[in-house]
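# A structural walkthrough
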Amino acid sequence: MSGVNSIRTAFLDYFAANGHRIVPSSPLVPLNDPTLMFTNAGMVQFKNVFTGLEKRDYARAVTSQKCVRAGGKHNDLDNVGYTARHHTFFEMLGNFSFGDYFKDEAITLAWKLITGEFGLDPERLLVTVYHTDDQAFDLWRKISGLHEDRIIRIPTHDNFWQMGDTGPCGPCSEIFYDHGDHIWGGPPGSPEEDGDRFIEIWNLVFMQFEQTTADQRVDLPRPSIDTGMGLERIAAVLQGVHDNYDIDLFKALISASEQLTHTRAEGDRQASHRVIADHLRATSFLIADGVLPSNEGRGYVLRRIMRRAMRHAHLLGAEEPLMHRLVPALIGEMGEAYPELGRARALITETLRLEETRFRKTLERGLGLLNEATDQLGDGDELAGETAFKLYDTYGFPLDLTQDALRQRGISVDTDGFNAAMERQKAEARANWSGSGDAADEAVWFGLRDELGATEFLGYETEKAEGII
Ligand code: ATP
Ligand code: MG
Ligand code: MG
Ligand code: MG
């Protein structure tokens, strides 16, 4: 039962047997929601159902939702390769009640699944509740029989969920798994909570209020439930490993990149293999859902993820473009659950190959410049913003790629200096702007650039400057 594909099915089947409709994942590009960069949680496709704007012919649903957290409010890009539990792309398993069952049944269903069906040892489990949510505290005591010490009251926003400044909101309750005292980390709410020992596996959101204005909150007449469990995190627990990157799915992807690069995912190389495997998933799924690399908005986030992976491929000594050659391994692992991957195979492969072919032309020279500029720098030092900007402007290095490249040496980047250099260039471009002579066009153009911000928008195409396209 423990492969990722069978865990996903077990979750969906369990909730289907408990009266939930199995609803397919929605695309990574949210439909009709320009405010959200990518789908980042299971509830996104049900937003209007929760607010009552939209009606469905079911009151309970279960999904395995494709999610990307690599931009906007939830950005886990910098964690990838360095924590045991974060991906840019992951699958969120979730059950939902639209004004149907509430806390009691949500906790009962969750507890029965993890300790019954999945057989987790209750001794390894901890839960958190929002500090004022006595009801949830009492229900956990009654339903799970966990000792009071293992039901932790948390006063921060981590345990209070809000859809936005107004709209549905409510306390949440999270389930944590203790991977053992040989791993560094502390229980939720402790100073060491960011370690990898106690890992959050499941978040149960109790939508019981509506925030009507900044300081007014009323009870929802029919409270709802929204939950999210990371498939890769529960898979790690069920497979007896302590790191998401050691589950069957990631082992297969990493072994493919080991073979193609003739290197092992050990020592310094481990992070590179993990980043490549993670970013392969994010980029392939984004392309399959219609995002293409570009210099703005969603396409630029995709480009950043792609180029970041490509630097790691280069670090592993890959002499030829690598990413597109890993696509068969990904389709082998995930193509059955997500047929869109197979349908987009040619597009994914070609997009990756072309981007890597182009980027490799400037990557080497950019890295040369970076090495020269950091020759004399060490742990705690800072790279001049001007240099980071040159890497961006001339060599197509997104800022986060430069930061990632310097991370292992403890060198940071002067981002204020980077932004200042960007601003200067924008001002010069404005001064030299001859444009169409249409003031309205100019306003739109510069407005867009300002809105997208420095890291979202590559003002001058590197490839053009380099004569590649
Ligand atoms: P964390 O505190 O570990 O960053 P979170 O509180 O941001 O997680 P939620 O927003 O509550 O996560 O999402 C619900 C569930 O989705 C989490 O309990 C976790 O199992 C999973 N999850 C969240 N972010 C990631 C990620 N970047 N990679 C893999 N799984 C994730
Ligand atoms: Mg998080
Ligand atoms: Mg959390
Ligand atoms: Mg959470």
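Residues numbered from 1 in each chain as written. Chains lettered and ligands numbered in written order. Predicted model: local features only at pLDDT ≥ 70, side-chain atom pairs only at ≥ 80, totals over all residues. Heavy atoms only, no water.

## Let's talk about the overall build of the protein
In terms of helices and strands, the protein carries 16 helices and 13 strands. Its C-alpha radius of gyration of 23 Å places the protein within 12% of the 23 Å reference for a compact globule of 469 residues. Split into buried and exposed, the 469 residues of the protein put 56% on the buried side. In the protein, 72% of the contacts between residues at least 6 apart in sequence involve partners at least 24 apart. (Helix = DSSP H or I, 4+ residues; strand = E, 2+ residues; numbered from the N terminus. Rg over C-alpha atoms; globule rule 2.2 N^0.38 Å. Buried < 20%, exposed > 50% of the residue type's maximum accessible area, 1.4 Å probe, protein only. Contact = heavy atoms within 4.5 Å.)

## Things to note about the environment of Arg141
By the secondary structure assignment, Arg141 is in helix α4 (residues 134-144). A C-alpha to C-alpha distance of 54 Å links Arg141 and Arg353, two positions 212 residues apart in sequence. With residues up to four places along the chain from it excluded, the contact list for Arg141 reads Leu146, His147, Glu148 and Ile151.

## Some points on the environment of Tyr58
Within the element layout of this structure, Tyr58 appears in the loop between α2 (47-51) and β2 (60-68). Residues Tyr58 and Leu126, spaced 68 residues apart in sequence, show a C-alpha to C-alpha distance of 32 Å. Those residues in contact with Tyr58 that lie beyond four places of it in its chain are Arg21, Val23, Phe46 and Phe98. Of note is the side chain of Tyr58, whose polar atom sits 2.8 Å from the side chain of Arg56. (Polar contact = N/O pair within 3.5 Å; in protein donor to acceptor, adjacent residues only side chain to side chain.)

## Considerations on unusual backbone geometry
Excluding glycine, residues mostly have negative phi values, and the peptide bonds linking residues are mostly trans. Phi at His262 is positive, roughly 55°, even though this residue is not glycine. Of note, His262 is situated in the loop between α6 (248-261) and α7 (269-288).

## Thoughts on the nonpolar core
Judged by nonpolar contacts, the single largest core of 112 residues is most densely connected at Phe118, Leu120, Trp140, Ile175, Ile201, Trp202 and Ile234. With 20 residues, the next largest nonpolar core counts Val23, Met92, Trp161 and Leu220 among its residues. (Core = buried A, V, L, I, M, F, W, Y, C linked by side-chain atoms within 4.5 Å.)

## Side note on the site of ligand 1
Near ligand 1, the surroundings consist of 16 residues, among which Asp76, Arg85, His86, Glu200 and Asn203 are the closest. Within the contact set of ligand 1, an oxygen atom lies 2.9 Å away from a backbone nitrogen or oxygen of Gly230. Burial of ligand 1 by the surrounding chains reaches 85%, relative to a free accessible area of 590 Å². Listing elements by their share of the shell around ligand 1, those giving two or more residues are β5 (89-97), β10 (198-213) and β11 (216-230). For the shell around ligand 1, the element with the highest residue contribution is β10, accounting for four residues. A class-by-class count of the residues in the shell around ligand 1 yields five nonpolar, five polar and six charged. (Near = heavy atom within 4 Å. Areas by Shrake-Rupley, 256 points an atom, 1.4 Å probe, with all protein chains shown as cover. Nonpolar A, V, L, I, M, F, W, Y, C, P; charged D, E, K, R; others polar.)

## Let's talk about the side chain of Arg69
By the element assignment, Arg69 lies in the loop between β2 and β3 (70-71). Arg69 has contacts with Asn40, Ala41, His74, Asn75, Asp76, Leu77, Thr88, Phe90 and Met92, leaving out every residue within four places of it along the chain.

## Focus: the pairing of β2
For β2, a buried count of nine out of nine residues is recorded, marking the element as mostly surrounded by other parts of the structure. Of the two faces of β2, both are covered, the one formed by Arg60, Val62, Ser64, Lys66 and Val68 as well as the one formed by Ala61, Thr63, Gln65 and Cys67. Where strand β1 (residues 21-22) meets β2, two bridges bridge the pair, whose relative direction is parallel. Residue pairing for β2: Arg21 is matched across the bridge by Ala61. Two elements, β2 and β5, share nine bridges in a ladder whose sense is antiparallel. Bridge pairing in β5 places Ala61 opposite Phe96. (Pairing = 2+ DSSP bridges.)

## As for the packing of helix α3 (residues 103-117) against α4
It is the contact of α3 with α4, at a shortest axis distance of 10 Å, that shows an interaxial angle of 40°. It follows that α3 is oblique to α4 by the angle criterion. Classified by chirality, the crossing of α4 by α3 is right-handed. Here Lys103, Asp104, Ile107, Thr108 and Trp111 of α3 lie close against α4, whose contacting residues are Gln135, Ala136, Leu139, Trp140, Lys142, Ile143 and Ser144. (Axes fitted to C-alpha atoms, helices over the stretch in contact; angles between N-to-C directions. Parallel < 35°, antiparallel > 145°, perpendicular 65-115°, else oblique. Left-handed = near helix turned anticlockwise from the far one by under 90°.)

## Points about α7
If you check α7, its first and last C-alpha atoms are 29 Å apart, about what 20 residues at 1.5 Å a residue would give, namely 28 Å. Where burial is concerned, most of α7 is hidden: 18 out of the 20 residues are buried. The positive-phi residue at the C-terminal boundary of α7 is Gly290, with phi of around 100°. (Expected span 1.5 Å × (residues − 1).)

## A few points about the state of the cysteines
Considering all chains together, one arrives at zero disulfides under this definition. Take Cys169: it sits in no disulfide, and the sulfur closest to it among the cysteines is that of Cys172, at 11 Å. Here Cys172 falls in the buried class, since its relative accessible area comes to 1%. (Disulfide = S-S within 2.5 Å.)

## A few points about the confidence of the model for the protein
Per-residue confidence for the protein gives a mean pLDDT of 91, with 92% of residues at or over 70. Counting contacts from residues 449-469, a segment whose pLDDT is below 50, to residues more than four positions away or on other chains yields 57 contacts. Among the prediction metrics, the complex's ipTM stands at 0.99, with pTM recorded as 0.90. (pLDDT = per-residue confidence, 0-100.)

## Observations concerning the pairing of strand β6 (residues 125-130)
For β6, a buried count of six out of six residues is recorded, marking the element as mostly surrounded by other parts of the structure. As paired strands, β6 and strand β9 (residues 167-178) are joined by four bridges and run antiparallel to one another. Counterpart to Val127 in the pairing with β9 is Ile175. Looking at chain direction, β6 and strand β7 (residues 151-154) are connected through four bridges and run parallel. Each bridged residue has a counterpart across the sheet, and for Val129 the counterpart in β7 is Arg153.

## Re the packing of aromatic side chains
Counted under the stated rule, the structure contains 20 aromatic pairs. Pairing Tyr14 with Phe15 gives two aromatic rings, centres 4.9 Å apart and planes at 90°, and the pair type is edge-to-face. Assigned by exposure class, Tyr14 and Phe15 land together as buried. An angle of 55° between the planes, with centres 6.5 Å apart, marks the rings of Phe50 and Phe96 as tilted. Taken together, the residues Phe50 in helix α2 and Phe96 in strand β5 connect sequence positions 46 residues apart. The pair formed by Phe50 and Phe96 is uniform in burial state, with each residue classed as buried. The rings of Phe46, Phe50, Tyr58, Phe96 and Phe98 are connected pair by pair, giving a single aromatic cluster. (Phe/Tyr/Trp six-rings, centres within 6.5 Å; stacked < 30°, edge-to-face > 60°.)

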